[in-house]
Amino acid sequence: MDIQMAVFLCADDFLRQMMVTKLSQCQYAVPFLVPNPFSTKIEFPLWTMRQISKSWKTTDTSNKVINKTLPVWKATTPMVAFFRIGSISSSKSQLMNRLINEKHDTFFHRHCQGSSRDRLLMDGVVEIAWYCPSGKSTDHFSDCVAFCNLHGDSSRNAAQRKILTEKASVNVVLLPILDENDNNVGIIQDLCKSSTPLVVVLTDEEDDNEDVCKIGDRKYKMALKGRNQSEVSTALRRVIKDCLFQKPDTFRLDTMSGFENIESDEHNQVCQKGKEAAQEIMNFLENEKKSPLKEKYLPCQGKLWHDWCQKNKDLRRLQSINVEEEKSNKQREMMDIRKKQQAHGFSKLMELFVKKLKSFQDSDNMYFLRWIAILLDDFTSETLSAIHQEYDQKWKEVLALKKKHESESSKNLPLKDKKTDELNTEKYKLEKISNKLNDATFGLEHMLREMCQIYEASVCGMEKNKVENLSYLPRLVAELMIHGHPMELMDGDAAHVPLVWVSAVLGQLIKKLRDQRVFVLSVLGIQSSGKSTMLNAMFGLQFAVSAGRCTKGAFMQLVKMSEEMKKEVKFDYILVVDTEGLRALELAGKDTINHDNELATFVVGLGNMTLINVFGENPTEIQDILQIVVQAFMRMKKVRLNPSCMFVHQNVTDIAATEKIMEGRRRLQDKLDEMTKLAAKDEVYAAESFSDVIAFDIQNDVKYFAQLWEGSPPMAPPNPSYSENVQELKRHILSHASKTNGMTLSQFQMRVNDLWNALLNENFVFSFKNAYEISVYRKLEEEYEKWTWSLRSAMLSIENKMLNRIASGKMERIEKEELMTEMAGTLENIQKASKVYFEENSEKETLIQWKCRFEKQILHLHDDLVNETSRKLDDNIQQKNIRKKLDQQLVIYEKTLFEKSKELALKLKENGSKSKDPKAEFDLVWEKWVSELAEHAPKIKDANISKDVIDVLGQFYEYKTVIHQKVSYEYSQICMAGNYQHYVSMKKSRFSFWEKSLKPEDQRSIRELISTAIEQTTAKVKSFPVSVQGYSKAYIQDIARDIRKLVLNFKSDSFELKKEFFVDLSLFVCERAEVRFANLHKKFKEANDPLLYFEKKKTYYFKIFQKYCQGATSAAVLADQICSKLKETILQSVYNMIATFICGQMRGKPPFNGNRSDLEKHILKSLAEQEGDKEKKFQNFLIFMYQPKMHFEHFIRDKVRKYMVAENLQAASEITEHIEHKKRSVIIAAEMAIDEVKAVKGDVQMWQDFFSNSLVDELGDTRVHLNDDVAEDVTDSDVLVDFLKKELLTVIEELKGSMNKLSDLKLEMFREKPDEILIKHFCRCCWVQCPFCGAVCTNSQENHTGDHNADFHRSSGTTGIYFKDTTEFSINFCTTKVASDLCFYPGDSEKSFPYRQYRTAGGEYAKWLISSDFSEQAYWKWFVSEFKDNLQKYHKKTFSGMGKIPHEWQNFSKSDAIASLGINE
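Residues numbered from 1 in each chain as written. Predicted model: local features only at pLDDT ≥ 70, side-chain atom pairs only at ≥ 80, totals over all residues. Heavy atoms only, no water.

Let us look at the overall build of the protein chain. Counting its secondary structure elements, the protein chain contains 52 helices and 24 strands. Here the C-alpha radius of gyration of the protein chain, 46 Å, is well above what a compact globule of 1465 residues would show, namely 35 Å. Buried positions account for 53% of the 1465 residues belonging to the protein chain. In the protein chain, once contacts between residues fewer than 6 apart in sequence are set aside, the share between residues at least 24 apart is 75%. Separation between the mean location of the 207 positive side-chain charges and that of the 210 negative ones in the protein chain comes to 3 Å. (Helix = DSSP H or I, 4+ residues; strand = E, 2+ residues; numbered from the N terminus. Rg over C-alpha atoms; globule rule 2.2 N^0.38 Å. Buried < 20%, exposed > 50% of the residue type's maximum accessible area, 1.4 Å probe, protein only. Contact = heavy atoms within 4.5 Å. Lys, Arg positive; Asp, Glu negative; His and termini not counted. Charge placed at Lys NZ, Arg CZ, Asp CG, Glu CD.)

To continue, consider helix H39 (residues 1114-1147). Here H39 is 34 residues long and its end C-alpha atoms lie 49 Å apart, about the 50 Å a rise of 1.5 Å per residue gives. Where burial is concerned, most of H39 is hidden: 29 out of the 34 residues are buried. (Expected span 1.5 Å × (residues − 1).)

The next point concerns the packing of helix H32 (residues 945-956) against helix H33 (residues 959-968). It is at 7 Å that the axes of H32 and H33 come closest, and there the two elements cross at 135°. Between H32 and H33, the crossing angle belongs to the class labelled oblique. In terms of crossing hand, the pair formed by H32 and H33 is right-handed. Between H32 and H33, the residues in contact are Ile-950, Asp-951, Leu-953 and Gly-954 and Tyr-959, Val-962, Ile-963 and Lys-966, respectively. Tallied by class, residues from the contact of H32 with H33 come to five nonpolar, one polar and two charged. (Axes fitted to C-alpha atoms, helices over the stretch in contact; angles between N-to-C directions. Parallel < 35°, antiparallel > 145°, perpendicular 65-115°, else oblique. Left-handed = near helix turned anticlockwise from the far one by under 90°. Nonpolar A, V, L, I, M, F, W, Y, C, P; charged D, E, K, R; others polar.)

Looking now at the packing of aromatic side chains. Per the stated rule, a full pass over the model turns up 64 aromatic pairs. Within the aromatic cluster, the residues linked to one another by ring pairs are Phe-1178, Phe-1181, Tyr-1186, Tyr-1419, Trp-1420, Trp-1422, Phe-1423, Phe-1427 and Tyr-1434. Above the ring of Trp-308, the side-chain terminus of Arg-338 is found at 4.2 Å from the ring centroid. (Phe/Tyr/Trp six-rings, centres within 6.5 Å; stacked < 30°, edge-to-face > 60°. Lys NZ or Arg CZ within 6 Å of the ring centre and 35° of its normal.)

Now for a nonpolar patch on the surface. Taken together, the side chains of Tyr-959, Ile-963 and Val-967 make up a nonpolar region of the molecular surface, amounting to roughly 300 Å² of accessible area. Within the secondary structure, Tyr-959 is located in helix H33. Judged by its relative accessible area of 46%, Tyr-959 falls in the partly exposed class. (Patch = residues over 30% accessible without salt bridge, like charges linked within 9 Å, V, L, I, M, F, W, Y side chains within 5 Å. Areas by Shrake-Rupley, 256 points an atom, 1.4 Å probe, with all protein chains shown as cover. Salt bridge = Lys/Arg side-chain N within 4 Å of Asp/Glu carboxyl O.)

Should pLDDT be low for a region, the predicted coordinates there are not to be read in detail. With 93% of its residues at a pLDDT of 70 or more, the protein chain has an overall mean of 85. This model gives residues 584-590 a pLDDT under 50, and the stretch forms 10 contacts once residues within four places in sequence are excluded. Note on residues 991-995: pLDDT under 50 across the span, and eight contacts to partners over four residues away in sequence or across chains. (pLDDT = per-residue confidence, 0-100.)

Ranked by internal contacts, the top residues of the largest apolar core, which has 195 residues, are Phe-32, Phe-82, Phe-147, Leu-253, Phe-353, Met-451 and Phe-602. Broken down by element, the residue count for this core peaks at 10 residues, all from helix H12 (residues 364-410). Not counting residues up to four positions away in its chain, the partners in contact with Phe-353 are Ile-281, Phe-368, Leu-369, Leu-444, Met-447, Leu-448 and Met-451. (Core = buried A, V, L, I, M, F, W, Y, C linked by side-chain atoms within 4.5 Å.)

With respect to the secondary-structure elements, Gly-1260 resides in the loop between helix H45 (1256-1259) and helix H46 (1268-1273). Looking at Gly-1260, the relative accessible area reads 3%, which means it is buried. Linking Gly-1260 and Phe-602, residues 658 residues apart in sequence, is a C-alpha distance of 66 Å. Residues within four places of Gly-1260 in sequence aside, it is in contact with Asn-804, Ser-808 and Leu-1255.

Counting buried residues along strand E13 (residues 487-491), five of its five residues qualify, which places the element largely inside the surrounding structure. As paired strands, E13 and strand E15 (residues 553-560) are joined by four bridges and run antiparallel to one another. Residue Glu-488 lies in a different strand from E15, and its bridge partner there is Phe-555. (Pairing = 2+ DSSP bridges.)

This part covers unusual backbone geometry. Each neighbour pair has its own omega, and for Pro-713 with Pro-714 the value is 15°, a cis peptide bond. Among the secondary structure elements, Pro-714 is positioned in the loop between strand E19 (702-706) and helix H23 (720-737). Of the consecutive residues Pro-1150 and Pro-1151, the connecting peptide bond is found in the cis state with omega at 5°. Tracing the sequence through the fold places Pro-1151 in the loop between H39 and helix H40 (1156-1168).

A few words now on the pattern of salt bridges. Tallied over the entire structure, the rule returns 71 salt bridges. With a closest N to O distance of 3.7 Å, Arg-805 and Glu-818 form a salt bridge. Of this pair, Arg-805 sits in helix H26 (residues 771-807) while Glu-818 sits in helix H27 (residues 816-840), placing them 13 residues apart in sequence. Owing to a relative accessible area of 18%, Arg-805 belongs among the buried residues under this scheme. Two residues, Lys-1059 and Glu-958, come together in a salt bridge whose shortest N-O distance is 3.2 Å. Here Lys-1059, found in helix H37 (residues 1059-1088), pairs with Glu-958, found in the loop between H32 and H33; they are 101 residues apart in sequence, far enough to count as distant. Classification of Glu-958 by relative accessible area gives partly exposed; the value is 41%. What you see here is one network of salt bridges that share partners, running through Glu-799, Glu-868, Lys-872, Glu-1312 and Lys-1320.

Bringing the sheet that holds strand E7 (residues 145-153) into the picture now. If you walk across this open sheet you meet the 10 strands as E10-E11-E9-E8-E5-E7-E6-E1-E2-E12, and the pairing is mixed. Edge strands, defined here as strands with exactly one partner in the open sheet, are strand E10 (213-216) and strand E12 (262-264). Looking at each pair of strands side by side, their axes are set apart by 25° on average, direction ignored. In the sheet, strand E6 (residues 126-131) pairs with E7 via six bridges, with the strands oriented antiparallel. If you follow Trp-130 over to E7, its bridge partner there is Ala-146.

The end-to-end C-alpha distance of helix H2 (residues 13-25), which contains 13 residues, comes to 18 Å, matching closely the 18 Å that a straight helix rising 1.5 Å per residue would cover. Taken as a whole, H2 has its buried residues at Asp-13, Phe-14, Arg-16, Gln-17, Met-19, Val-20, Thr-21, Leu-23 and Ser-24. Capping of H2 at its N-terminal end is provided by Asp-12; its side-chain oxygen lies 3.1 Å from the backbone amide nitrogen of Phe-14. A positive phi of about 65° marks Gln-27, the residue just after H2. (Polar contact = N/O pair within 3.5 Å; in protein donor to acceptor, adjacent residues only side chain to side chain.)

For Ala-1229, the location among the structural elements is in helix H43 (residues 1209-1240). Residue Ala-1229 is classed as buried on the basis of its relative accessible area, which comes to 6%.

The next point concerns the environment of Val-1226. When you line up the elements, Val-1226 lands in helix H43. Taking C-alpha positions, Val-1226 is 9.3 Å from Ser-1252, a pair spaced 26 residues apart along the chain. The contact partners of Val-1226, leaving out residues within four places of it in the chain, are Leu-1126, Phe-1251, Leu-1255, Leu-1259 and Leu-1288.

A few words on the packing of helix H14 (residues 444-459) against helix H17 (residues 499-513). Following both chains from N to C, one finds H14 and H17 inclined at 100°, their axes separated by 9 Å at the closest point. By the angle between their directions, the pair H14 and H17 is classed as roughly perpendicular. Contacts between H14 and H17 pair Met-451, Cys-452, Tyr-455, Glu-456 and Val-459 from the former with Leu-499, Val-500, Trp-501 and Ala-504 from the latter. Taken together, the residues that form the contact of H14 with H17 break down as eight nonpolar, no polar and one charged.

Right, let's get into the state of the cysteines. Tallied over the full model, the rule gives zero disulfides. With no disulfide of its own, Cys-1070 lies closest to Cys-975 among cysteine sulfurs, the gap being 15 Å. (Disulfide = S-S within 2.5 Å.)

Take a look at the structure:
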C-alpha cells in the first residue's frame, strides 16, 4: 500500500484520476483523506474521484426496483466510519471486507499477500469504498452506503478522526483493553456523548453475550475475541443497518472541502481555471429544457447534417435518365444545406467553447475538457436516467410481443392484423423514446461534432487560401488527440463519416507529429460485448463503457509507443479505432443490417489488425456477426487490402479446459468456413474456406477470455484472469505488429477517404479507389520514367558512337551482343536503382506488387532499344555499302578537283595576274570541271509522290472516285469526323426494315479502325529503306494494299463501309507518308547525286585554290583541309549532344517532369488556354479526343519548337563547353599522333591514320584525301600540327559564333531530332480509350497488366453519344452513370447491363476500372458549355430535353476548368 500511495503522491492529477477510477471499478477502496507528507495539511482528492461512477438498485415502498447511476461526488449517501484507538490485535480492514463483500478484499490489510504490519505513507490515510445493492433480497444493505477506513491509530490522527466523526452516519471504533487513566478514554467518552450512532468493537475482550450489547441511546458494543468471524460480520452488519434505518445523517463528497485543514486537489490554479471556464459555458444551459438544447445551441449537427448525409447517399443512387441534371440538383440541395449551416455559424455557446479551448495551452486544455464532460454529465444525468428506464420498460414489452408473434407463427396459427398493428405501434413508441433519448444526450462529443460541422459547412465552396483561416478548428482537435483524447471518426447518430473534417484533423496531426507510422487496431463486436472495456484495460484509454453511454459510430485514439517499445516495432503510435456494437438482431431490419455491413467493412479496411470481439463461446450464437465479418474481409481481399484479424471470446466459463477450448476452435473454424461460402455467393468470389480470404491461424489467432466479474455486479470484483488474458492478447498483438510497418498517418488519411467513398456506393468493390496505392504507383511511374530515360539516353550515346565508327569505315557489321555489352553497365545501374527503390523505399510493402512487372518492362525496353538501334545501324552499314562504289568514284573526283584547283592557282600566280579577280577566274572554270566529272555519274530523279498516290489508288478503285475525293479534300478530316454515316450503308435489322443511323458504338469502332490504320501505316513507312535506296512507287502500292486488306477484314452486323471510305482512308495515310518520303528522298538525293555533292563542296575547293594563290605551303593547305573536315564532324557532334541535352532539360520541368498522367493534364491546360478562332480551338480538341496519340505528338513538337527559340543560357554554355572539349580532344589526338609517327619514322599518311583513328568514337570520319604531291611535300608533322592548331582556333571561333543560342540550330542537321526522341520516350505507353467516353488510359506502360484507368473521364456528349431514337445528346459522365440505376447495351448486343456492374458486359468493359466520381469535374463541364454550339453542329445533335446542360455547368470558367486539373507547377 505504501508503494501505491507513493505512486499516488508522485502522479499528476490525470494519472491520479485514472488510478482511483480503475481501483473503484475493481471494487477497491480509494484514498479519501491523504495527509501531505510535506505539510501539515490534509489533502482531499475530490478531483481525483470526479470520474468514479456507481450504479445500484433499490426498491421503493411498492417493491418497484429503481435503477440509479450517479457519480460518487454527487451521490448523497450515509457514511460508516471505521477507526481504531491504540494498538489492536485484529485487522480493522479485514473486518470491513467481511462486512461489505466476503469474497473480496475491498480494503488492503496486513494479511493480504505482499503486505506487512509496517507502514510509512499509509498512516493517517482515510480510504473510502461504496456498497452498492443489486435490488435483491440477498443485499447486505438496501441502499448505497459509503464505508471509510482510517488507517493507523486515530488518537494520533485527530484531524482525520474529527472529520470522519462529524460526517459519519455511524461510527465504528475498534478498541484494545484501555486503562482508566489512558488518554484515549476521553475520545471514547466524546463519541458516546455524540448523537451519532456508535458501535464499539472490543478486540481483546471476550463477552459472554454473543450478540451486540446496547450501552446507550444508539450506542452499542461487541467483543471479537473468541468469536466466529462470520457471526461477528452478521451481527455488526445488523446493528449498522438498524442505525441507518433511522433516517441517518448523509453526506456528499463535494461538501467536504469546508473543513479546516482540508485542502482539495481542485484548488490548484489550472484546475480552477478549467472549472471556471467550463462553468461559464454551463451558465448558458442553466434552466434550459434538456431536449431542445442541441437544436438551440448545436444547430449544425441535427436535422441539417442528417439531411445532408442522406442526400450524399442519394447522390450514389441516381435514377433519372439525365443523371447529371439529377446529380446537379442534389449537389445544389446539399450546398443549400451547407449555406443554412453557415447561416447558423457559431452559436453563443460554441463561440464561447471554442474561445475557451483556444485560450488554454497544451495539457491545460484537458482540465477544461474534463470539467465540461463532468458538468454536462451532471446536467443531463437525471433526465437520461428517467428516459433510460422508460426505454428499458418499452424494450421488454416489444420483445415479449415479438416472441409471442414468432411463437404463433411457428405453430402456423393465423396472425391477426390487430396483433401485427399492436407490435408495430409498440415499435413506433420505442423509436420515439429512442429519439427522445438522443435529443436529451448532450456531451462533449456533441460540441466537438458541432465544431466539425461548422468547419465542413464553412469550407464548402471556399477558396483554398481562405480555408486556412479556419484551420485552427481542426488544429485544436489534433492537439487534443496528441494528448490522448478520443476523436469521433464516424458520427454514430448520422452513421456518416465527415470526410472533410477528418482529413483536416489528420492533416493537422501530420503537421504537428510529422508523418509518423501508426499501427491501426480496430475492434468489432456485438453491442455491450466488452470491446471498450477491453481496449481501456489494454491501453489505458478513455472510451465510454457504461451501459447508458455505449460507443456510437467510431472513435479513434492515439497510443504513443514508449522509446523502449519503438526498438521492437516499426511504428511510433498505435491508433485504436473503437466502434459501436453491431446491433442485436432481434429487432434488426434491413437498414440495421446494411449499417452493420458498412461499419464492419469500414473498420476492417482501416485496420492493420481487427479484433473480432464476441461474447460467449458458442459459434452458433455469433453466426450473424461472423457472416458480416467474413464478408468484410472478402471485400478487402478483392480490393487488395490485407488486414489481419484475431477473435476474442469473452465471458468464457472455463478457459483452462484445453479439450473444450480445442473443440471451440474447431467449431469456430467450421462456422467461419460455412460463412465464407455464403459470403462468396453474395460477393461473387471463389472461396471455400476462411483461409482463402485471409491468413488466419486458428490456434494462435483465437483468444478466450475469462469472465470480467467474479459474481454478479454491482459488487462483483474483477476476475484476475481477465487482466492476464488482456496482457497476453496485448503481447500477441504487439508481436504481430512488430512484423509489419503499419501505415503512415497520411496513408491512414487516404484510406479513410477511399473506404468511405467506396462504401457510399452500393457496390463497394467496383467503387473502391485506393488513393494511397494510386499515389505510390504515380511516384513509381515517375521513377520508371527516369530509368527509361537513362536507358534511352545511354543508347543514343552508343548509337552516335557506332554511327561514327560506321562513317569512318571502322565497322562493317553490328552484332546485338556488342550493343548489349555497351549497355550492360547502364542496365546494371538501373536494375540496382530499381532494386533499391522497391526494397528500401518506405512504401515497399505497396510497391512489391509491381516489382516483377516493372523489372520486365525495363528489360523489354532495353531489348527494344537494342533491336531498334541494331536496325538503324544495319541500315547505315547497308547505305555505306551501297555508296561504296560512289564513294570510291568521289575520291577520284575530289583528287581531280584538288589538282585542278592547285594547278589553276599556281598558273595564275606564275602569270602574275594580280589585276584579275581570283574568284571570278575560279567560278569560270568550276562549272566546266564539275560538268566534265558528272558526265558519267548516276542521275537521281525527283519524286512525284502525289501523282503516284493517285495512280496507285486509281488502280485499286475507280480513278474518277479517287480524283473526286482528292479534290473535295474531305479525306483530310477522316480521323476527326463527328459522324461516319455518309461512309456506310446500313444493313437490314430484325426489328426494323432499315436501321436509321449509326449507333455511338459503331462510330467508335470506325474511329478505332482509322487509328489502327494510321498506327500500322506509320510503322510500315518507317520500315521502308528510303534513306538508303531512295523513294519507290512500290511503297505506295504496299500501303494501299494493306489499307484495303485492313478495311475488308473489318466486320459489322449493322453496316458496311462504302468505297469512299476506302479511298479517303487511303488518301489520308498516303498523304501522311508522302511528307516522310519526300524528306528522306531529298536527303538520299543530296547524299548520292554528285552534282549536288560538288555544289556543296565548291566553297571548300575555292579555299584550297585561294590558299595556293596566296603562296601557302602544302602543310598549311592540308591543315586547312583537315580543319574543314573537323568543322563538319564537330558540328554534327554538337547536334548529337545538344539533342539529348535539350531532352534532358525539358524532362526536368513541366510538362515533362512527371508521369504520363501529368503530361495529359498539361495538354488539357494548353487546350483550354488556346487563343484565336473558336472553331480552330474546337478542332484541336477533336484531335485530342479522337486521335490522342497524334495530338500528344503535336504537343511535344510544339513545345520543343518553342523551347528551341527561347533564350537558354545553360544550353548555349553547354554547346560552347562541348566545342571546347572537342578542340582539346583534337589537339591531344594531333600531338599523340606526332609521337606515334616519330617513334616509327612514319610519314604524313601514317600521322593522319593515327590522328583519325583516335577521334573515331568522338567525331567519326575525320580523314581527308591526300594527293600524292601533298604527301610528298609535307614531311614535318610538327609543322603540320602547328598549322592545324592555328587553323583550328579559327574554326572553333566560327562554330561558337554560329551556335551561341538554340535558335541558331537547324532541325535538318539533327541525326535524331529532340521532338522525335521525346515522342518515342513519352508515347511508348497505353493508348486504349474508355469504351464509354473515350478518355485515354493514363498508364505509362504499353501492354500493361491490370485494369485501364483514366484520371479525367468525360461527358458522353463530347464524343457524340445521344439517346436512342432522338437527336438529344447524353451528357452523363460514365463516372456518374456507374453510381446510377441506368443500363446500357454494349455494341450490337440486345442484352442490357446495369452501369453499376458494367464489367459484367465483358470485352473492353471488363478491362476498365471506372470509379464513381462526385467531384466537380469542372474541365469537361466547362468544355461542353463553352463549345456547345460547335458540338451541336459537329455531331448534328442538340443539348435539349434529356440532354439539357445543367445550369451549374455554365457557371464554370476557364480558370475553374484549369484549376480542376490539379496541376502542381
